[in-house]
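# Fold and contact review
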Amino acid sequence: MNLSNAQYLEILNHSLSSGGEYSEIFYEDFYGTSIVYDNGKIEKINFSSTKGASIRVVSAEETIFAHTNDPTYENLMSLAETLRKNASERFGSNNIVKVEELKEAEKRDFAPFEIPFDNVSVEQKVEKVLKGVELLKNADKRIKQITVSYADSSRKVKIVNSEGKIVEDIRNYPRYAAIIFAQDEEGNLFRGYSSDGANMGFEFFTDEMIEKVAKDAVRQVVSQIEGVDAPAGEFTVVLSSEAGGTMIHEACGHGMEADLVLSGSVYREKVGKKIASEKITVVDDGTDKNKRGTLNYDDEGTPTQRTVLIENGVLKGYMHSKITAKKFGVEPTGNGRRESYMVLPIVRMRNTMILPGEDDPQDIIKSVKYGIFVRKMGGGQVDVISGDFQFGVDEGYIIENGEIKQSIRGASLVGNGLKVLESIDMVGNDLGYGVGTCGKDGQGAPVSDAQPTIRIPKLIVGGIVKGGNN
């Protein structure tokens, strides 16, 4: 969408000429590749691309919106005219906003990349898939089924708004995943899964990354084959930094998204209050270099930042888009994200994490006489209003007399996000990341989450939980 500034101004001002406080043009140019190995061969190679733009006009509580997959000047002016007519009927105003000039935003580079995906042949991408396949084939004779997937996508966006700002950003999303099924002597099948992702170029797909994904999937499935049924009851639970931040993302993070706060999440009206152990500091960081949830600017053109949600146990604030920030009387935090140009931005997490503490992870394990060590979390369900959750455990072990012992299977963790945050009494000095695509309101957003090793003195361990979010 290479229009002149004069044309952008004309489109914005026309969309606002019958009323509205804010107008924005959002342009997107997307392409991607996905490759899947399954059933003993490369099963699928898909290429995708989309291009389009949308305009939204906002007035107080109302938003009007339109989009096109052919973002020419003429088509965007047609959208602006449609919105102008709607604005006249729905929120006409005598105080017409007029944009006088546009200025390009400063360049930011929290997601540098070296090798664009479109500079790499399909054959080279297939080689990365087959590298993982060979590692898994030779890992354990009990493995009966192997699926390895490669995905890359590049998303170029341009945002021009009535605040006089022009923002451009490129997001590159590589992802690699392995799913394996292995069989025990009785013929029972067990599943192992591992994945990794980032916001960077093809250089992400190193042999070391592929080897780690394969190794993690194998270790996970072996732990289940050789495991015993998980004990049920209330135990001390240690969540490894390798578990990723599923707990903080699902049980806590969503409840701190300002639109869900407005809907009545458990964190509503608690800013300034102590809601967690003083050992706990939680941030949502859009500037964490090359992580999967990292952005230079969000999809409203707001610079991303490191947003402190909880500091030493005290709730400091929420994640905001432009609209929710205005409702709360605060500044937006750069959390306005959208899946594509065809949908409106909503409040989304980026890289959400509990920051490291001062405890040695080994000392945390040694402190437990009898409990559960969770190395990998699984999927589950969360009630954002109450904070109640139930998560599966994909890889877990018994802790006995301060040592990690027998692996377990079929475990789930049941509790309440606020109560867990309040009860954490040891926080490791390490930090481990997990990656995913978070779903909300029908939109997916690339995210990562992280946590150090933490100890929860009492948590209910139950039976098998089914389902998943990321």
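Here, every reference points to the structure presented above.
Residues numbered from 1 in each chain as written. Predicted model: local features only at pLDDT ≥ 70, side-chain atom pairs only at ≥ 80, totals over all residues. Heavy atoms only, no water.

The helix and strand tally for the protein stands at nine helices and 23 strands. For a compact globule of 470 residues, the expected C-alpha radius of gyration is about 23 Å, and the protein comes in at 24 Å, within 12% of that figure. If you take every contact in the protein between residues at least 6 apart in sequence, the share linking residues at least 24 apart comes to 75%. Positive and negative charge centroids in the protein, built from 56 and 70 side chains respectively, lie 1 Å apart. (Helix = DSSP H or I, 4+ residues; strand = E, 2+ residues; numbered from the N terminus. Rg over C-alpha atoms; globule rule 2.2 N^0.38 Å. Contact = heavy atoms within 4.5 Å. Lys, Arg positive; Asp, Glu negative; His and termini not counted. Charge placed at Lys NZ, Arg CZ, Asp CG, Glu CD.)

Our next topic: the pairing of strand E18 (residues 403-409). On a regular strand, each side chain points to the face opposite its neighbour's, so the side chains alternate between the two faces of the sheet. Where strand E8 (residues 228-229) meets E18, two bridges bridge the pair, whose relative direction is parallel. Across the sheet, the residue bridging to aspartate 229 is arginine 409, located in E18. Where strand E17 (residues 388-400) meets E18, four bridges bridge the pair, whose relative direction is antiparallel. Each residue of the ladder has a partner; that of tyrosine 397, found in E18, is serine 407. Counting the residues that bridge the hairpin from E17 to E18 gives two residues, and of these asparagine 401 lies at a positive phi of roughly 55 degrees. (Pairing = 2+ DSSP bridges.)

Okay, the pattern of salt bridges next. Scanning all chains against the criterion turns up 31 salt bridges. A salt bridge links arginine 155 to glutamate 28, with the shortest nitrogen-to-oxygen separation between them at 2.6 Å. Of this pair, arginine 155 sits in strand E5 (residues 143-161) while glutamate 28 sits in strand E1 (residues 22-38), and the two are 127 residues apart along the sequence. Between aspartate 299 and arginine 171 there is a salt bridge; the shortest N-O distance is 2.9 Å. Of the two residues, aspartate 299 sits in the loop between strand E10 (282-285) and strand E11 (306-311) while arginine 171 sits in strand E6 (residues 165-183), which places them 128 residues apart along the sequence. Across the pair, exposure class does not vary: aspartate 299 and arginine 171 are buried alike. (Salt bridge = Lys/Arg side-chain N within 4 Å of Asp/Glu carboxyl O. Buried < 20%, exposed > 50% of the residue type's maximum accessible area, 1.4 Å probe, protein only.)

Here the focus is the side chain of arginine 56. Topologically, arginine 56 is positioned in strand E2 (residues 41-59). At a separation of 2.9 Å, a polar atom in the side chain of arginine 56 contacts the side chain of glutamate 24. Of note is the side chain of arginine 56, whose polar atom sits 2.6 Å from the side chain of glutamate 300. Every residue in contact with arginine 56, bar those within four places of it in the chain, is listed here: Tyr22, Ser23, Glu24, Thr63, Ile64, Phe65, Leu83, Glu300, Ile323, Arg338, Leu344 and Pro345. (Polar contact = N/O pair within 3.5 Å; in protein donor to acceptor, adjacent residues only side chain to side chain.)

Right, let's talk about the packing of aromatic side chains for a bit. By the definition in use, this model includes seven aromatic pairs. Measuring from centroid to centroid gives 6.0 Å for phenylalanine 235 and tyrosine 370, while their planes differ by 50 degrees, and the two rings are tilted. Here phenylalanine 235, found in strand E9 (residues 233-239), pairs with tyrosine 370, found in strand E16 (residues 370-382); they are 135 residues apart in sequence, far enough to count as distant. For phenylalanine 235, a relative accessible area of 13% gives the class buried. Tyrosine 370 gets classed as partly exposed once you look at its relative accessible area, which sits at 39%. Among the aromatic side chains, those forming a connected cluster through ring pairs are Tyr150, Tyr176, Phe202, Phe204 and Phe205. Looking at arginine 108, its charged tip hangs above the ring of tyrosine 297, at a distance of 5.5 Å from the centre. The residue whose ring lies beneath lysine 291 is tyrosine 433, and the NZ or CZ to ring-centre distance is 4.5 Å. (Phe/Tyr/Trp six-rings, centres within 6.5 Å; stacked < 30°, edge-to-face > 60°. Lys NZ or Arg CZ within 6 Å of the ring centre and 35° of its normal.)

On to the environment of histidine 320, then. By secondary structure assignment, the location of histidine 320 is in the loop between strand E12 (314-315) and helix H7 (322-328). You can call histidine 320 buried: its relative accessible area is 4%. Expressed as a C-alpha distance, the spacing of histidine 320 and glutamate 331, which sit 11 residues apart in the sequence, is 7.8 Å. Residues contacting histidine 320, with those up to four places away along its chain left out, are Ala258, Ala325, Phe328, Val330, Glu331, Pro332, Thr333, Gly334, Asn335, Gly336 and Val347. Engagement of the side chain of histidine 320 in a polar contact is seen with the backbone nitrogen of alanine 325, the distance being 3.5 Å.

Let us now look at helix H1 (residues 5-15). Among all positions in H1, only Tyr8, Leu9, Ile11, Leu12, Asn13 and Ser15 are buried. Residues of H1 that are buried in the fold lie against E1, E2, helix H2 (73-91) and E5.

Packing of helix H3 (residues 122-137) against helix H4 (residues 207-225) brings their axes to within 9 Å, and their N-to-C directions diverge by 40 degrees. Our classification of the angle between H3 and H4 gives oblique. Seen along the crossing, H3 lies across H4 with a hand that is right-handed. Mapping the contact onto sequence places Lys128, Lys131, Gly132, Leu135 and Leu136 in H3 and Asp207, Ile210, Glu211, Ala214 and Val218 in H4. Class assignment for the residues of the contact of H3 with H4 results in five nonpolar, one polar and four charged. (Axes fitted to C-alpha atoms, helices over the stretch in contact; angles between N-to-C directions. Parallel < 35°, antiparallel > 145°, perpendicular 65-115°, else oblique. Left-handed = near helix turned anticlockwise from the far one by under 90°. Nonpolar A, V, L, I, M, F, W, Y, C, P; charged D, E, K, R; others polar.)

Right, let's get into unusual backbone geometry. Phi angles above zero are rare outside glycine, and glutamate 269 is one such case at about 60 degrees. Locating glutamate 269 in the fold gives a position in the loop between helix H6 (258-262) and E10. For glutamate 269, a relative accessible area of 63% corresponds to the exposed category. The phi dihedral of aspartate 441 falls on the positive side, at around 50 degrees, and the residue is not glycine. Within the secondary structure, aspartate 441 is located in the loop between strand E21 (432-440) and strand E22 (443-451). Taking relative accessible area as the criterion, aspartate 441 reaches 62% and is therefore assigned exposed.

The next thing to look at is the sheet that holds E22. With mixed pairing, the six strands of this open sheet are ordered in space as E12-E11-E10-E15-E22-E21. Every interior strand has two partners, whereas the edge strands, E12 and E21, have only one. Of the pairings in the sheet, the one linking E10 to E11 comprises four bridges and is antiparallel in character. Looking across to E11, one finds that aspartate 285 is bridged to arginine 306.

Let's shift gears to the nonpolar core. Of all hydrophobic cores here, the largest spans 45 residues; its most connected members are Leu239, Met256, Tyr267 and Leu413. Elements represented by at least two residues in this core include exactly E9, helix H5 (246-253), H6, E11, E16, E17, helix H9 (417-423) and strand E23 (454-462). When sequence neighbours within four positions are dropped, the list of residues in contact with leucine 239 reads Met247, Val374, Met377, Leu413, Gln451, Pro452, Thr453, Ile454 and Ile456. (Core = buried A, V, L, I, M, F, W, Y, C linked by side-chain atoms within 4.5 Å.)

Purely geometric numbers; function is a separate question.
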